[in-house]
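Tertiary structure, described
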Amino acid sequence: MNMKEILKNLVEIPSVSSSKENCKKSVNFIKDIAEKNGLKTKVFEKENVYSLMIGKDITKSPKIILNGHLDVVPASKDMFKAKIEGNRMYGRGTSDMKGGDVAMLVALIELVKEKINPDVLLILTTDEEPGGFNGVKNIVDLGFKSDIVFIPDGGDDAEVCTDEKGVLHILLKADGRSAHGSRPWMGENAVLKLIDIFQILEKDFEKGWGKATKDDNWKPTLNLGMLTGGEAANQVPNTAEMKIDIRFPSPVTLDLIKDMVKRSMKGQKGISLEILSTGNPLHTDVNNPFVRSWKELFKRDIKFVKESGASDARFFAEKDIPVILTKPKGSEPHVDNEWVDLNSLEEFKNMLKEWIKVNS
């Protein structure tokens, strides 16, 4: 199978993160191709999350780690029928990030067929979308490391993402006291207690860094993503829950953000805090020799960018392993009519081969 055929078949496996069966099918599909082409494989499993390692040899400390995820976000059935129009392939996962996965796989296969023995390990996981904790985090915790990690899950075409924001997802729960809606002074409104906390955080963030805008957004941000409580308009709610998404760039630290959250709760009774997800910011030095060699090999000018989202790159960054984030030309992730440019994908694969030859 050529790269286009592999990608088409992979897209048509609906490996939504929650479907462990289909995620395993995607792992086995890639595993079979790798083994038929002379590569060694190893599958890791943690809490029903499958991760696949591919290489000429499977070692814990290769010079280069190539990393991608096979899981995707939900979509209509039509999105799992890959279609080609002109130079584009449409389908869920084409851009995020099965296109990049296949390019890395084929690059590795072709290098081995050319009798090159690259010191490279390809790691493909199946839980990036919900956080990556049983995939890449588990693998990093097991001691896998490298001089550089290459992930086609950020940047676009002639861009390299050098910075991603850190992330903190929290769940706040409040206990209050029920009363009739006509006599609110007799109760204690749990929903309002949580709103007070969020408003305190908003003021502290704006005081510390200012308000993020479209043109000035490289600063910490807050998003109140979920607020629930109460059962009727004429009843004071006695319980409530609130989920907040916090993003923050380097040099702001996770500990600083946690302290701000705790201070916002000070003086409030009946409030509990649960941390749902964390991740430190990513920063890659543009003068890193691996980054420089990618830039020198590229046929067009490369733009260095910062992105507000988070990826599995954060788990490598936490171990001080530098990461290159760049991908073939394609659509935004998670959109209807997701696509990847097939010409760009071929160029990307060839570029990756040359970069590996220079650096491994």
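Quick note: structure is the one above.
Here is a short report on the structure shown in this document.

What counts as what
Residues numbered from 1 in each chain as written. Predicted model: local features only at pLDDT ≥ 70, side-chain atom pairs only at ≥ 80, totals over all residues. Heavy atoms only, no water. Core = buried A, V, L, I, M, F, W, Y, C linked by side-chain atoms within 4.5 Å. Buried < 20%, exposed > 50% of the residue type's maximum accessible area, 1.4 Å probe, protein only. Helix = DSSP H or I, 4+ residues; strand = E, 2+ residues; numbered from the N terminus. Contact = heavy atoms within 4.5 Å. Salt bridge = Lys/Arg side-chain N within 4 Å of Asp/Glu carboxyl O. 1 Å grid on protein atoms, 1.4 Å probe; cavity = no way out; pocket = protein on both sides within 12 Å on 5 of 7 lines; lining within 4 Å. Points joined across faces, edges and corners; volume = space filled by probe spheres on them. Nonpolar A, V, L, I, M, F, W, Y, C, P; charged D, E, K, R; others polar. Axes fitted to C-alpha atoms, helices over the stretch in contact; angles between N-to-C directions. Parallel < 35°, antiparallel > 145°, perpendicular 65-115°, else oblique. Left-handed = near helix turned anticlockwise from the far one by under 90°. Phe/Tyr/Trp six-rings, centres within 6.5 Å; stacked < 30°, edge-to-face > 60°.

Of all hydrophobic cores here, the largest spans 52 residues; its most connected members are Ile-30, Ile-54, Leu-66, Phe-150, Trp-294, Leu-352 and Trp-355. Per-element tally for this core: the top contributor is helix H3 (residues 94-113), with 11 residues. With near-sequence residues (within four places) excluded, Leu-352 lies in contact with Leu-66, Ala-103, Met-104, Ala-107, Phe-150 and Trp-294. Formed by 23 residues, the second largest nonpolar core is a distinct cluster that contains Ala-240, Ile-244, Phe-248 and Ile-271.

Along the chain, Ser-264 falls in helix H6 (residues 254-264). Judged by relative accessible area, which is 1%, Ser-264 ranks as buried. In this view, Ser-264 contacts Ile-197, Ile-200 and Leu-201; residues no more than four positions away in its chain are not counted.

With that settled, the discussion passes to the pattern of salt bridges. Under the counting rule described, the total for this entry stands at 19 salt bridges. Note that Lys-353 and Glu-114 form a salt bridge whose closest N and O atoms lie 2.7 Å from each other. Residue Lys-353 is found in helix H9 (residues 342-359), and its partner Glu-114 is found in the loop between H3 and strand S6 (120-125); the two are separated by 239 residues along the sequence. According to the relative accessible area criterion, Lys-353 is buried, its value standing at 8%. Ionic pairing is found between Asp-245 and Arg-247, a salt bridge with its closest N-O pair at 2.7 Å. What makes Arg-247 buried here is its relative accessible area of 18%. Here the salt bridges share partners, and the residues they tie into one network are Glu-110, Glu-114, Glu-346, Lys-349, Lys-353, Glu-354 and Lys-357.

A word on the side chain of Asn-359. On the secondary structure map, Asn-359 appears in helix H9. Residue Asn-359 is classed as buried on the basis of its relative accessible area of 9%.

In this structure the tally under the stated criterion is 2 cavities of 30 Å³ or more. Considered as a void within the structure, the largest cavity measures approximately 40 Å³ in volume. Lining the largest cavity are Asp-157, Phe-298, Arg-300, Pro-328, Ser-344, Glu-347 and Phe-348. In the lining of the largest cavity, the residues fall into 3 nonpolar, 1 polar and 3 charged.

A volume near 670 Å³ is recorded for the largest pocket. Forming the boundary of the largest pocket are 30 residues, of which Glu-128, Asp-153, Gly-309, Ala-310 and Pro-333 lie nearest the centre. Counting residues per element, the ones that place at least two in the lining of the largest pocket are strand S8 (159-164) and strand S9 (166-175). Residues belonging to the lining of the largest pocket are distributed by class as follows: 5 nonpolar, 12 polar and 13 charged.

At their nearest, the axes of helix H5 (residues 190-209) and H6 sit 9 Å apart, and the two run at 135 degrees to each other. Classified by the angle their axes make, H5 and H6 are oblique. Of the two elements, H5 crosses H6, and the hand of that crossing is right-handed. Contacts between H5 and H6 involve Ile-197, Ile-200, Leu-201, Asp-204, Phe-205 and Trp-209 from the first element and Leu-256, Ile-257, Met-260, Val-261 and Ser-264 from the second. Tallied by class, residues from the contact of H5 with H6 come to 9 nonpolar, 1 polar and 1 charged.

Once that is clear, we can look at unusual backbone geometry. Note the cis peptide between Asp-96 and Met-97, where omega equals -10 degrees. Assignment of secondary structure puts Met-97 in helix H3. For Asn-48, which is not a glycine, the phi torsion comes out positive at approximately 65 degrees.

Time to look at the packing of aromatic side chains. As enumerated under the stated definition, the model contains 10 aromatic pairs in all. Ring centres 5.3 Å apart and planes at 75 degrees place the aromatic pair Phe-205 and Trp-209 in the edge-to-face group. A residue pair is termed a helical-turn pair when its members lie 3 or 4 positions apart in one helix, as Phe-205 and Trp-209 do in helix H5 at 4 residues. On the accessibility criterion, Phe-205 (4% relative accessible area) is buried. Ring geometry for Trp-294 versus Trp-355: centroids 6.1 Å apart, planes at 80 degrees, classification edge-to-face. Of this pair, Trp-294 sits in helix H7 (residues 289-297) while Trp-355 sits in helix H9, placing them 61 residues apart in sequence. The class of Trp-294 is buried, set by a relative accessible area of 2%.

Remember that the coordinates give geometry; whether it matters functionally is a separate question.
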